[in-house]
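Observations on the three-dimensional arrangement
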Amino acid sequence: MCIILICGTAGCKKSESKATSQKSMGRFVEQEIMFPSDLVAYNLSLIKNAEGKLEAYGYNQAASALVGYVYENGEWEKKEASWLSKLSLETEYMKRIFLGKDGCYYALMMESDENGRTKLYKSLDESEAVLVPIKAFEQEKKYMEGLVMCPDIWDIQVAEDGSLIVSDSLEDYLDIYDASSFEPAGEIEAGMPFCVDNDHVYAGNQSGDAILTYGIKDNKQTEENIDFSIDSAVIARQEDTTYLACKDGIFRKEDAGSMWQNIVDGNLTSLATPNNTLSQLAVAGNGDLYVMANDGQLVSHLFRYYYDETVASVPSQELTIYSLLESPTIRQAISKFQKENPDVRVNYLAAMGGGWTVIWQMSYVH
């Protein structure tokens, strides 16, 4: 493999000094937050609580129990959540802990036997765990010829009125379950990612080129086209604003606005790291953004994005790498280099199909 490196700088010292004094300042920067050491590093859940603070839930192997933490003032503090001890970890395992828009905590569990049925538990005053009686989760259904099984529930969110919005991994739409009977009450022609805010659902459309808004009460649906990818994306809501994180970065759109704003360039952060799969997004009350990602080695990482007025809007130096073929090894080396050199933008170009194509740009900022 042939590799060529070309470095670029701002020029001579005199012009560089002048440019530095006039350069634009301020951008979101990245900081990795370590999870509590007693949590198993995979299958963690991230929540923004009613106070706008971050919470993390996972399995404590030493105690053989599910535990929760609150992130406050840069530290994780264990949270009293006795309802978690009422869940049966001998026969079920946790898929996700989440906070519904009805103000209640929920645990999405799956049976550990060959049936693999999904169970949903609701916390009452965070002291008791009650099974939500969803008959459809107990019944086998035919997905296609030769495939009959119980629903494989990927995710559930709860609306303000108690309605359940359910994502089945084998379906290309979202199911709505009635808040009282817990019976199927409708479908939304949408896929992943999705989130619920009050009585509306925000999700990627089935073709992946728009974000739709669906009213649970009035069944009205609108779509807005996007020019970024929603593959491996996560979505969240905060104060009449939709946030979406993907490989391309973090985007924001206010309900009253008409355009999506790219507030974090994915190429300048770990969001674009090849092995990272984004799993959750939370917007804290102070405006900080938190993205949880799995690195392909069964380890979950938490990245915080906060606005720093002292950092240059764009890196002041540039490094270009050319190779004959695209290489995952080079990509990983770029990621490591950026962590040690935050003020350098790395461009990776590979000769493919009769022309130079830019396929990788990355700069990591602490």
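Heads up: the structure comes first, above all this text.
This one's a predicted model, so the numbers in the text were calculated from it and none came from an experiment.

Once that is clear, we can look at the packing of aromatic side chains. Following the criterion strictly, the structure yields nine aromatic pairs and no others. Between Y71 and Y290, the aromatic rings sit 6.3 Å apart at their centres with planes inclined by 75°, giving edge-to-face as the arrangement. On the criterion of sequence distance, the pair formed by Y71 in strand β5 (residues 65-72) and Y290 in strand β26 (residues 289-294) is long-range, its members being 219 residues apart. In this pair, the class of Y71 matches that of Y290, namely buried. When the centroid spacing of 5.3 Å and the interplanar angle of 10° are considered together, the rings of F98 and Y106 count as stacked. Classification of F98 as buried rests on a relative accessible area of 2%.

Another aspect to go through is the sheet that holds strand β13 (residues 153-158). Strand order across the open sheet formed by four strands is β13-β14-β15-β16, with antiparallel pairing between neighbours. Either end of the sheet is taken by a strand with one partner, and the two such strands are β13 and β16 (184-188). Averaged over all pairs of adjacent strands, the angle between their axes in this sheet comes to 25°, without regard to strand direction. Where β13 lies against strand β14 (residues 164-168), five bridges are found, and the strand directions are antiparallel.

With omega at -5°, the peptide bond leading from M192 into P193 counts as cis. Positive phi outside glycine occurs at S64, with the angle close to 50°. Structurally, S64 can be placed in the loop between β4 (54-60) and β5. Within the chain, N219 stands out as a residue other than glycine whose phi angle is a positive 60°. Tracing the backbone through its elements, the reader meets N219 in the loop between β19 (210-215) and β20 (221-225).

About the thresholds
The residue numbers shown here count from 1 along each chain, following its written sequence. The model is predicted, so local features are restricted to residues of pLDDT at least 70 and side-chain atom pairs to those at 80 or more, both for listing and for counting; the totals for chains, interfaces and linings are taken over all residues. Computation of side-chain values covers all heavy atoms of the structure but excludes hydrogens and water. What counts as a ring pair is set by centres within 6.5 Å for rings of Phe, Tyr and Trp (its six-membered ring), and what kind of pair is set by the plane angle: stacked under 30 degrees, edge-to-face over 60, tilted for all other angles. Segments assigned H or I by DSSP are reported as helices when at least four residues long, segments assigned E as strands when at least two residues long, and all are numbered from the N terminus. Burial here depends on accessible area, computed with a 1.4 Å probe over protein chains only, as a share of the maximum for the residue type. Under 20% is buried, over 50% is exposed, and the range in between is partly exposed. Pairing between two strands is assigned when DSSP locates at least 2 bridges connecting them. Between N-to-C directions, angles cover 0 to 180 degrees, with each direction set by a line fitted to C-alpha atoms, over the stretch in contact for helices.

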